[in-house]
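Architecture and fold: a report
These are the residues of each chain, in order.
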Amino acid sequence: MGKKFIPKLCTICSLATVFSVTPVLFSCGNPEPTPPQPEHEHVLGGYKIDEASHKLYGICSDCGEQFELSDEQFADLEGAIFVKQNGNYELSTKSLDEIVAEAYGSSVDLYIVNGTYEMATWSLAEHLVTVNMHGILNYADSMPKAIFRCVNIAGATPGIPAYYQWHGMTLNVDHVELLGLEQNLSQYGESSWQNLGIQPATLNATDCYLKGCHSTHATGKATFTNCTFDSRGFKDASGSDLAEYGLYTWNGDTEVYNSIFIGDGKTLKIYTDRNIMHDDQYFVISSCTFIKGGNLNNKAAVEIDSSQIQGDDLEYHITLQHSTLNGVVDLWNDKGRKHIFDPDPPS
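Residues numbered from 1 in each chain as written. Predicted model: local features only at pLDDT ≥ 70, side-chain atom pairs only at ≥ 80, totals over all residues. Heavy atoms only, no water.

1. As for the side chain of aspartate 305
To keep things clear, this is the line we draw: Put simply, DSSP H or I for four residues or longer makes a helix, DSSP E for two residues or longer makes a strand, and each gets a number counted from the N terminus. Buried, partly exposed and exposed residues are distinguished by accessible area as a fraction of the type maximum, computed with a 1.4 Å probe on protein chains only: under 20%, between the cut-offs, and over 50%, respectively. By the counting rule applied here, Lys and Arg register as positive and Asp and Glu as negative, while His and the ends of each chain are not counted. By definition, a salt bridge exists where a carboxyl oxygen of Asp or Glu is found within 4 Å of a side-chain nitrogen of Lys or Arg.
Along the polypeptide, aspartate 305 turns up in strand β24 (residues 302-305). No salt bridge is formed by the buried aspartate 305; its nearest oppositely charged neighbour, lysine 269, is found at 4.2 Å.

Laid out in structure tokens, this is it:
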């Protein structure tokens, strides 16, 4: 017969049997939980701007940490301007006019907080300066709290348009509400076309909310991207509802991309006055939505009036594509017929 198989005990088990070793127990549990520390009360010692999110934070003077501003702390900054100096944004004690005037011949990069801002000095005309103006968004809603009014309507003669002529200025503005002519026209007389005049050499508006009636008079080109033009709620001098355009391109080339127009029967008009158009003008309206928000008589989404163009050799060149109409009957209409659609007439 073969040998019996006798299992061999391992050495440790054998030793444990012989010497009766008591096993050592190791504790794997967590130590007693540490009670939470009371929340540190930050003392405002400065500010930090997150340029990616366009948000303003406080810096604690005790610990140096960044923290969310309270509503009260943010409200205390109404009218504040942060100017970029040596790579950092610093709270300025100067007015917007002074800041821009001192940037003559160069550029200035600034953030405006909640409040209304105006460039109210005629001496800004002819300044060769680039102004990069950003708005700060510290609230969850979609409308910016920083409001930029390009012209001071107050004190204007009723019936006479008030414009600023920043012929040498390049204005880049984003995340800001651009305030046009206010809705109640009674204090300005019965003229419904006394619009906000924007006349820099170049205007670039991105992610802006344009409330009221706006006119572009850029001597170079005005470009709007991801903007909302809202011209609802106008009243005439008698208090009756009045349709008004959200954007009135008076002179100069204009391009509008991925934007929304909403008005009480009027949205966008391409127009020039007599003798102010000396070259062909070029317009691009691409991927825009036109919404009728009221019950007034409807105009086309894009009203074109080339009847005032002087000279047989001048024309509008218009690219109108990828448009969406909501309550608006016609995409376009031209009173004067002196236009060319590039590349093809829109359907």
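2. Comments concerning the pattern of salt bridges
Pairing between side chains of opposite charge can happen when their charged atoms approach one another. This model, assessed by the stated rule, comprises five salt bridges. For the salt bridge of glutamate 68 with lysine 55, the shortest nitrogen-to-oxygen distance reads 3.5 Å. On the criterion of sequence distance, the pair formed by glutamate 68 in strand β3 (residues 66-68) and lysine 55 in strand β2 (residues 55-60) is long-range, its members being 13 residues apart. Between lysine 94 and glutamate 102 there is a salt bridge whose closest N-O contact spans 3.0 Å. Judged by relative accessible area, which is 37%, lysine 94 ranks as partly exposed. Glutamate 102 gets classed as exposed once you look at its relative accessible area, which sits at 54%.

3. Regarding unusual backbone geometry
If you check the backbone angles, histidine 54 has positive phi at about 55° while not being a glycine. Residue position: histidine 54 is located in the loop between β1 (44-50) and β2. Its relative accessible area of 9% is what places histidine 54 among the buried residues. In this model, asparagine 226 sits at a positive phi of 55°, which is unusual for a non-glycine residue. Tracing the backbone shows asparagine 226 in the loop between β16 (221-225) and β17 (228-230). Looking at asparagine 226, the relative accessible area reads 39%, which means it is partly exposed.

4. Things to note about the sheet that holds strand β4 (residues 81-85)
Note the threshold: Strand pairing is defined by DSSP finding a minimum of two bridges between the two strands. With axes taken as lines fitted to C-alpha atoms, and helix axes fitted only over the stretch in contact, angles between N-to-C directions fall between 0 and 180 degrees.
If you trace the 11 strands from one edge of the open sheet to the other, you get β5-β4-β6-β8-β10-β13-β16-β19-β22-β25-β28, paired in mixed fashion. The sheet terminates laterally at β5 (88-91) and β28 (339-341), the two strands that pair on one side only. Taken pair by pair, the neighbouring strands of this sheet meet at an average axis angle of 15°, ignoring direction. Bridge count for strand β8 (residues 129-135) against strand β10 (residues 169-174) is six bridges, and the pairing is parallel. Following the sheet pairing, methionine 133 is matched in β10 by valine 173.

5. Thoughts on the environment of serine 240
Basically, it comes down to this: Note on definitions: a residue-residue contact is assigned when non-hydrogen atoms from the two residues lie within 4.5 Å.
Here serine 240 is to be found in the loop between β17 and β18 (247-249). A relative accessible area of 37% places serine 240 in the partly exposed class. Here serine 240 is in contact with Phe234 and Lys235, once residues within four sequence places are set aside.

6. Details of the environment of tyrosine 209
Tracing the sequence through the fold places tyrosine 209 in strand β14 (residues 209-211). Given the relative accessible area of 12%, tyrosine 209 is considered buried. Separated by 50 residues in sequence, tyrosine 209 and serine 259 place their C-alpha atoms 9.9 Å apart.

7. A word on the sheet that holds strand β11 (residues 177-179)
Pairing in this open sheet of eight strands is parallel, and the strands run β7-β9-β11-β14-β17-β20-β23-β26 from one edge to the other. Every interior strand has two partners, whereas the edge strands, β7 (115-118) and β26 (324-326), have only one. With direction set aside, neighbouring strand axes in the sheet form an average angle of 20°. Of the strand pairs in this sheet, β17 and strand β20 (residues 260-263) are connected by three bridges, and their pairing is parallel. From the neighbouring strand, threonine 228 faces β20, where its bridge partner is isoleucine 260.

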